[in-house]
Amino acid sequence: MSSSLFQDFQSLAAIATTPAGLKKLAALCQAHPITLWVPESLAELAQAQNLDSKIYSGSLKEQVAQLWPQYQGFVFCLATGAVVRLIAPLLQHKSTDPAVVVVDEAGQFVLSLCSGHQGGADRLTQAIALQINATPVLTGAANRLQLPGIDVLGVLFGWQRGEGDWTGVSAAIARQDSVQVIQEAGTTLWQHHLPSEHPFQFNESEETGTAPIQPATPKARVWISPLARRLSPDSGIPEVQWHPKVLWVGIGCERGTSRQLIERAIQQACQAHQLAEAAIAGIATLDLKADEVGLVELCRDRQWPLRCFSAEQLKSVPVPTPSEVVAAEVGTPSVAEAAALVGASLVLAPTQKIGHLQMPLLVTKQIVRLEGQPGAVTIAIAQAEQEYTGRSGKLWLVGTGPGQLEQITPAAQTAIAQADVVIGYSLYVDLVKPLLRPGQIVEALPITQERQRAQRAIELANWGLTVAVISSGDSGIYGMAGLVLEELRDQDWDGKTPAVRVFPGITALQAAASRVGTPLMHDFCAISLSDLLTPWVMIEKRLNAAAQADFVTALYNPRSKTRTEQIAIAQQIFLQHRAPSTPVALVRSAYREDEQITLTTLGELLEAPIDMLTTVLIGNASTRTYADWMITPRGYLGFTPDAEPNQSL
């Protein structure tokens with residue numbers, strides 16, 4: 001299984017001290033990049049099971065202290081009290097402590113013990129619980145209220161935490177006190193995916209579609225802003241700041257300008273205009289400066305992207321202070337101002353029209369020199385409408401099988417639970433609701449909007465989010481996976497970004513077959529009778545071929561309210577090649593509450609109710625019914641396709 005399911009962790013350690021604990025963690029560590037640590041007493045047992053484990057000697061307390069700074073998360077199969085005593089001396093602050101998760105030896109429960117929000121222990125707990133079929137135990141108030149933790153609210157959007165009383169605001173939310181949210185930048189997408197009752201009071205101009213619990217005097221405040229300090233010391237209530245990365249710094253500089261001077265120029269500009277450096281998305285400049293050592297070093301150390309634009313792109317942008325001298329030197333009258341504006345617009349294609357950008361400059365061109373430092377820096381700052389997440393997006397194309405959670409693979413369940421965004425047809429979203437978690441963006445679109453779903457998923461993944469696109473059955477069989485890949489191809493996808501992974505699911509024909517016996521034991525095929533995307537002439541051709549070749553045939557989308565003749569035509573085609581007594585199974589909504597199963601024959605097929613949720617299974621010449629089961633012989637016992645189809649086993 002891919003490590004992407006534990007994408008928030010670069011390094012994980014699992015620790016077992018007993019044979020039972022070793023057995024419980026072994027499968028998890030074999031399937032994921034988790035380092036298993038065991039004492040010398042378990043070395044032979046680990047080796048006998050071909051486990052790639054690390055052996056420690058001496059006390060576990062000393063070993064944990066040594067490993068503590070090396071891993072982002074720890075999974076203990078140990079008594080909770082023992083784990084508490086082991087880690088207590090090592091804990092420093094929830095913003096830096098690793099995630100700590102405890103699994104009981106019976107494998108019934110997975111407990112998020114430490115660093116549930118910022119360390120990611122809650123998400124790790126949920127992922128492990130799904131992998132080993134255990135119950136996750138999350139004790140934080142945010143989970144009870146179905147709210148994202150305020151200290152991780154902006155993480156998926158790349159926001160940076162600023163100053164504030166994070167404990168005080170979290171406590172106010174836990175008490176369900178009114179919390180004022182003043183958002184001056186960044187996406188408001190998170191606001192639209194809160195539970196119907198929540199404690200937040202938003203800016204009056206923002207429509208969220210949900211109502212706060214107490215529209216009263218706020219007891220806490222959250223600022224979401226690119227400004228450096230929005231806290232009110234005299235407010236008397238706890239406040240915190242989030243800084244979306246919306247500031248693009250345009251830089252022009254002389255050749256050989258030092259990194260220190262460039263950094264100093266940025267600091268001065270931000271301080272003078274009360275802008276937070278944490279809100280800087282990246283640096284924009286002329287492509288001639290792509291190899292400028294000072295710029296490259298600064299962007300590397302601060303983990304800022306360096307976006308470089310051609311003179312042709314920059315000179316078409318109107319700016320407040322163009323320079324003929326600069327134009328004569330590099331071919332564009334503006335570098336810093338124009339680059340800041342283009343960077344903030346995220347217009348990267350050379351053919352894109354960018355001559356009418358309307359974004360205001362927060363900081364117009366300023367020239368900075370510093371005594372003792374070589375060169376000079378020209379700086380300008382613009383604000384983007386959309387933040388830069390700094391993350392690599394992923395598209396997880398997930399098959400959810402027939403509908404029941406137990407019919408979804410553990411990998412698919414984990415993908416749904418761990419994704420930032422879940423997109424799908426509303427019915428399928430409802431079926432996976434128990435897997436959803438607070439803070440997820442969940443977008444359910446109608447059944448006719450498949451292409452819109454694919455485009456929306458790609459848009460969010462290109463922005464840097466991890467998006468799970470769910471389909472019933474297998475997503476690659478009449479599902480969303482093919483459409484998403486087609487859309488990616490049409491957008492000149494490079495095959496790498498966003499990363500794509502397909503999670504298989506139990507198909508409708510498999511689910512239907514399992515409810516009636518073994519009709520698919522010999523060669524079979526699937527044909528959709530919907531002619532919305534396939535010409536009926538082609539469908540008829542395939543029906544004739546399948547019937548003539550004696551394939552067991554599964555018919556998808558057999559009949560809708562407006563499309564009623566196709567199933568009758570299909571019946572007539574098969575009757576040309578098979579006896580009227582050929583067994584047929586009609587399975588509607590397999591494994592769901594409204595499941596309906598009908599065993600009939602090819603000749604009487606149309607006498608039973610059939611709709612879009614029905615899968616039709618037509619047997620081959622050897623298929624029989626026996627004791628209300630449908631059986632297609634594989635041939636082991638000498639059955640031949642020449643036998644009479646109405647002959648009972």
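Higher on the page you've got the structure.
Each chain carries its own residue numbering, running from 1 in the direction its sequence is written. In keeping with the model being predicted, local features are shown solely for residues with a pLDDT of at least 70 and side-chain atom pairs are shown and tallied solely at 80 or more, while totals for entire chains, interfaces and linings include all residues. For the side-chain quantities, the full set of heavy atoms in the structure was used; hydrogens and water were omitted.

Colleague: Explanation requested: unusual backbone geometry in the structure shown.
Modeller: Most peptide bonds adopt trans geometry, and most residues besides glycine take a negative phi value. The omega angle of the peptide bond from Thr497 to Pro498 is 0°, so this bond is cis rather than trans. Working definition: helices are DSSP H or I runs of at least four residues, strands are E runs of at least two. Numbering for both runs from the N terminus. By secondary structure assignment, the location of Pro498 is in the loop between α16 (480–490) and β24 (499–503). You will see that Ser115, though not glycine, has its phi angle at about 60°, which is positive. Structurally, the position occupied by Ser115 is in the loop between β6 (109–114) and α5 (121–132). Buried residues are those whose accessible area, probed at 1.4 Å on protein chains only, stays under 20% of the maximum for their type, while exposed residues exceed 50% and partly exposed ones sit between those limits. On the basis of relative accessible area, Ser115 is assigned to the buried category, the value being 10%. We note that Asp550 has phi near 65°; this positive angle belongs to a residue other than glycine. Its location among the elements puts Asp550 in the loop between α18 (536–548) and β27 (552–556). With a relative accessible area of 24%, Asp550 lands in the partly exposed category.

Colleague: Got a minute to help me understand the sheet that holds strand β22 (residues 441–445) in this structure?
Modeller: Two strands in a sheet stick together by hydrogen bonds in their backbones, pointing the same way (parallel) or opposite ways (antiparallel). Ordered by their spatial adjacency, five strands build an open sheet running β22-β21-β23-β20-β24, and the pairing between neighbours is parallel. Looking at which strands have only one partner, the edges of the open sheet turn out to be β22 and β24. Geometrically, the sheet is characterised by an average inter-axis angle of 15° between neighbouring strands, direction not taken into account. DSSP bridges decide pairing: two strands pair if at least two such bridges lie between them. In the sheet, strand β20 (residues 394–399) pairs with β24 via five bridges, with the strands oriented parallel. Across the sheet, residue Leu397 finds its bridge partner in β24, namely Val502. With axes taken as lines fitted to C-alpha atoms, and helix axes fitted only over the stretch in contact, angles between N-to-C directions fall between 0 and 180 degrees.

Colleague: It is not clear to me how the sheet that holds strand β30 (residues 614–618) should be interpreted in this structure. Could you clarify?
Modeller: Taken in spatial order, the five strands make up an open sheet running β26-β27-β30-β28-β29, and their pairing is mixed. Only two strands of the sheet have a single neighbouring strand rather than two, namely β26 (524–528) and β29 (596–601). For this sheet the average axis-to-axis angle between neighbouring strands, irrespective of direction, equals 20°. With six bridges connecting them, strand β28 (residues 583–588) and β29 associate as antiparallel partners. Counterpart to Pro583 in the pairing with β29 is Thr601. By the convention used here, residues are in contact when the closest approach between their heavy atoms is within 4.5 Å. Strands β26, β27, β28, β29 and β30 of the sheet are contacted by helix α17 (residues 508–516), whose axis makes an angle of about 70° with β30.

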